[in-house]
Amino acid sequence: MLLIVCPYCGKRPEIEFAYGGQAHLARPNQPSQLDDQAWAEFLYMRTNTKGIYAERWRHSRGCGRFFNALRDTTTDHFLAFYKTGEAQPTLLGSGAPPTPRESAT
Amino acid sequence: MSRQSFSGLSLIWRSLSNHRGWQPQWRKPEPKARYDAIIVGGGGHGLGAAYYLAKEHGLTNIAVLEKGWIGGGNTGRNTTIIRSNYLFNESAALYDHSVKLWENLSQALNYNVMFSPRGVMMLAHTVHDIQVFKRHVHANRCNGVDNEWLEPAEAKEFCPPLNIEGNIRYPVLGAALQRRGGTARHDAVAWGYARAADALGVDIIENCEVTGIRRDASGAVDALETTRGVIQSRKVGVSAAGHTSVIMALAGVHVPLESYPLQALVSEPVKPVFPCVVMSNTIHAYISQSDKGELVIGAGTDAYTSYTQRGALHINTHTLDAICELFPNFRRLRMLRNWGGIVDVTPDRSPIIAKTPVPGLYVNCGWGTGGFKATPGSAHVFAWTIARDEPHPINAPFTIERFRDGYLIDEAAAAAVAH
């Protein structure tokens with residue numbers, strides 16, 4: 001089970017959270033202006049990254065708030081947690097060892 | 001390559017001669033510089049596609065490239081359930097095509113895949129379940145797919161360990177039974193296809209990871225860069241399950257997939273106690289008994305995307321809660337081991353078996369949590385698609401473009417399965 005650090009409540013077990021998928025996907029301002037391909041890209045296409053992935057979580061059985069996290073999908077190590085609206089943190093150098101110890105069991 | 005043919009007589013003969021003289025069932029060739037077609041991914045779907053390309057489409061200069069060892073991915077990690085009771089016409093055609101191939105697969109491959117149509121029973125626990133399953137029964141029968149409704153006592157008769165008492169949290173209110181469904185031996189499917197494809201001249205190359213896809217001036221596929229050198233081919237079929245996104249990105253093709261861990265577990269082996277396959281989607285439990293005697297139990301996907309081939313224990317315990325409630329006899333069984341595989345899930349929970357925007361590049365992916373049952377049918381129509389550069393009528397609806405055009409095959413909403 002993952003240990004997830006909610007930016008508002010602190011470290012909690014994964015079962016308190018709901019997964020929200022890829023982060024930083026903005027709904028297009030004018031959907032009616034998009035062609036079908038662009039709309040399908042927004043609705044259905046995800047990067048499905050093998051490596052460091054920015055994703056949303058919601059502390060659904062806690063404070064209820066959404067936040068974002070960086071996780072390495074090859075190890076399930078979390079690299080950062082940050083609030084919705086904040087910019088994605090830049091990691092020191094590519095391939096930096098994961099510093100937080102929140103890892104999969 | 002000459003290879004031994006299996007028969008009852010040959011098995012008895014080998015047995016009496018102390019099992020000496022068995023030969024490797026396929027070669028370990030070095031990759032050639034050029035092939036007429038390459039399949040990326042040596043699971044059941046990929047090996048099967050190579051077999052049908054050679055068997056039915058006359059291509060013999062074919063390679064299957066496998067990053068690890070054949071059958072070591074989801075083919076060796078699933079719970080081996082076979083059924084075709086899907087709601088929509090497109091799905092029923094595809095999955096029933098597969099069941100029909102399963103029925104004669106051991107004979108076709110001269111390899112015992114231990115297909116056992118012992119019946120797949122799906123339990124209803126709520127009024128909604130009853131309505132949905134009865135709808136499935138009727139839809140399936142309209143499509144020529146067998147499925148029948150059982151009352152609780154009939155379900156108990158079909159599967160005696162089942163608890164149909166009314167005092168459990170989600171009592172059994174009925175069940176839908178597909179008698180043609182069942183199980184098969186997962187490893188034997190990979191090995192049987194590998195052996196039969198090899199006999200037709202297919203090169204099966206293990207420990208060979210694709211690291212790049214080269215394209216010519218027109219944009220068409222020209223060659224693959226691999227950890228064992230550059231291999232040329234004008235036709236490449238990608239059948240890489242959870243890693244499909246990674247491979248397709250090498251050619252700049254986006255596919256609507258997300259990769260999740262899916263877990264399964266087995267109990268200690270016991271004598272035959274369980275005659276069929278039982279699935280409960282509402283309280284989430286899949287169970288059958290292998291011929292070794294282990295109870296084979298399928299859990300759900302973890303919540304998050306991952307490539308780690310492992311998941312969290314609470315997913316398994318959730319499933320075991322349901323198993324213990326439905327089958328009180330199994331409460332004292334110990335679990336022997338658990339594991340995870342990475343499954344590629346599409347937004348509508350139906351697969352993609354299609355051409356891609358890149359000429360010469362084909363993809364068979366998106367099988368999500370239920371690809372094993374489709375292995376022969378999927379491989380068969382994928383081979384057709386690669387050989388003829390056009391889809392077989394059965395897989396024609398399963399394109400990438402259906403997401404753009406709004407022609408979803410929405411088993412996500414309709415499926416009998418909790419994904």
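It should be noted that the structure appears before, not after, this text.
Everything numeric here is computed off the predicted structure, so don't read it as measured data.

Turning our attention to the overall build of chain A. Broken down by element type, chain A carries one helix and six strands. Taking all 105 residues of chain A together, 34% fall into the buried category. If you take every contact in chain A between residues at least 6 apart in sequence, the share linking residues at least 24 apart comes to 48%. For chain A, the exposed area adds up to about 5800 Å²; of that, 51% sits on carbon and sulfur atoms.

Once that is clear, we can look at the overall build of chain B. When you go through chain B residue by residue, the secondary structure sums to 12 helices and 19 strands. Its C-alpha atoms give chain B a radius of gyration of 21 Å, within 12% of the compact-globule value 22 Å for 419 residues. Viewed in the frame of its principal axes, chain B has a C-alpha envelope of about 70 × 60 × 40 Å. Here chain B, with 419 residues, has 60% of them falling under the buried criterion.

Residue and element names in this part refer to chain B. In terms of nonpolar packing, the biggest core is built from 49 residues, with Leu47, Leu53, Trp102, Leu109, Tyr193 and Val202 touching the most fellow members. Of all elements in the fold, only strand E1 (37-40), helix H2 (44-56), strand E2 (62-65), helix H3 (89-103), helix H4 (105-109), helix H7 (186-199) and helix H10 (375-388) reach the threshold of two or more residues within this core. Residues within four places of Trp102 in sequence aside, it is in contact with Ile82, Val113, Phe115, Ala184, Val189, Phe372, Lys373, Thr375 and Pro376. Listed in part, the 31 residues of the second largest apolar core include Ala63, Ile231, Leu257 and Cys365.

Residues and elements named next belong to chain A. Per the stated rule, a full pass over the model turns up zero disulfides over all chains. Free of any disulfide, Cys9 has its nearest neighbouring cysteine sulfur in Cys63, separated by 3.7 Å. Here Cys9 falls in the partly exposed class, since its relative accessible area comes to 29%.

Let us look at the interface of chain B and chain A. As a measure of interface size, the accessible area lost when the parts come together is often cited. Across the contact, 25 residues belong to chain B and 23 residues belong to chain A. Between chain B and chain A, a total of about 2100 Å² is buried, with carbon and sulfur atoms accounting for 55% of that surface. Three residues, Tyr304, Tyr307 and Arg404 of chain B, lead the burial of chain B against chain A; their summed loss comes to 29% of the area buried on that side. The interface formed by chain B and chain A holds 11 residue pairs in polar contact (both at pLDDT 80 or more) in total.

Attention now goes to the pairing of strand E16 (residues 295-301) of chain B. Residue and element names in this part refer to chain B. Among the seven residues of E16, six are classified as buried, and the element is accordingly described as predominantly covered. Where strand E13 (residues 258-267) lies against E16, four bridges are found, and the strand directions are antiparallel. Bridge pairing in E16 places Leu265 opposite Ile297. Strand direction decides the pairing type here: strand E15 (residues 285-289) and E16, joined by four bridges, are antiparallel. By the bridge assignment for E16, Tyr286 is matched with Gly298. Between the antiparallel neighbours E15 and E16 lie five residues, among them Gly293 with a positive phi of about 105 degrees.

This part takes up H7 of chain B. Residue and element names in this part refer to chain B. A rise of 1.5 Å per residue sets the reference length of H7, with its 14 residues, at 20 Å; its end C-alpha atoms lie 20 Å apart and thus fit the reference within 8%. Burial within H7 is extensive, with 12 of its 14 residues counted as buried. Residues His186, Asp187, Ala188, Val189, Ala190, Gly192, Tyr193, Ala194, Arg195, Ala196, Ala197 and Asp198 constitute the buried set of H7. Elements that come into contact with the buried residues of H7 comprise H2, H3, H4, strand E8 (203-205) and H10. Residue Gly201 follows H7 closely and has a positive phi angle near 100 degrees.

All names here are of chain B. According to the stated counting rule, one finds 23 salt bridges over all chains in the structure shown. Note that Arg27 is salt-bridged to Asp203, the shortest N-O span being 3.1 Å. Taken together, the residues span a long stretch of sequence, with Arg27 in the loop between helix H1 (8-16) and E1 and Asp203 in strand E8 at a distance of 176 residues. A relative accessible area of 27% means that Arg27 is categorised as partly exposed. The partner of Arg234 in a salt bridge is Asp222, with the nearest N and O atoms 3.3 Å apart. In this pair, Arg234 is assigned in the loop between strand E11 (229-232) and strand E12 (236-238) and Asp222 in strand E10 (residues 221-226), connecting sequence segments 12 residues apart. For Arg234, a relative accessible area of 39% gives the class partly exposed.

All names here are of chain B. Residues of E2 alternate between two faces, with Ile62 and Val64 on one and Ala63 and Leu65 on the opposite face, all of them buried. Bridging between E1 and E2 involves four bridges; their strand directions are parallel. Within the sheet, the bridge partner assigned to Ile38 lies in E2 and is Ala63. The parallel pair E1 and E2, bridged by H2, forms a crossover whose chirality is right-handed. Bridging between E2 and E8 involves three bridges; their strand directions are parallel. Pairing of Val64 across the sheet is with Ile204, part of E8.

Next up on the list: the sheet that holds E11 of chain B. Residue and element names in this part refer to chain B. What the three strands build is an open sheet, ordered E9-E10-E11; its pairing is antiparallel. What marks the edges here is a single partner per strand, and that holds for strand E9 (210-215) and E11. The average undirected angle you get between the axes of adjacent strands in this sheet is 25 degrees. Where E9 meets E10, five bridges bridge the pair, whose relative direction is antiparallel. Paired with Arg214 across the strands is Ala223, a residue of E10.

Take unusual backbone geometry next. The backbone phi angle of Thr80 of chain B is positive, close to 60 degrees, even though this residue is not glycine. Residue classification places Thr80 of chain B among the buried positions, given a relative accessible area of 11%.

Reading the values: the criteria
- Residues numbered from 1 in each chain as written.
- Chains lettered and ligands numbered in written order.
- Predicted model: local features only at pLDDT ≥ 70, side-chain atom pairs only at ≥ 80, totals over all residues.
- Heavy atoms only, no water.
- Helix = DSSP H or I, 4+ residues; strand = E, 2+ residues; numbered from the N terminus.
- Buried < 20%, exposed > 50% of the residue type's maximum accessible area, 1.4 Å probe, protein only.
- Contact = heavy atoms within 4.5 Å.
- Areas by Shrake-Rupley, 256 points an atom, 1.4 Å probe, with all protein chains shown as cover.
- Rg over C-alpha atoms; globule rule 2.2 N^0.38 Å.
- Core = buried A, V, L, I, M, F, W, Y, C linked by side-chain atoms within 4.5 Å.
- Disulfide = S-S within 2.5 Å.
- Buried area = accessible area lost by both parts, 1.4 Å probe.
- Polar contact = N/O pair within 3.5 Å; in protein donor to acceptor, adjacent residues only side chain to side chain.
- Pairing = 2+ DSSP bridges.
- Expected span 1.5 Å × (residues − 1).
- Salt bridge = Lys/Arg side-chain N within 4 Å of Asp/Glu carboxyl O.
- Right-handed = clockwise from strand over helix to strand, strands pointing away.
- Axes fitted to C-alpha atoms, helices over the stretch in contact; angles between N-to-C directions.

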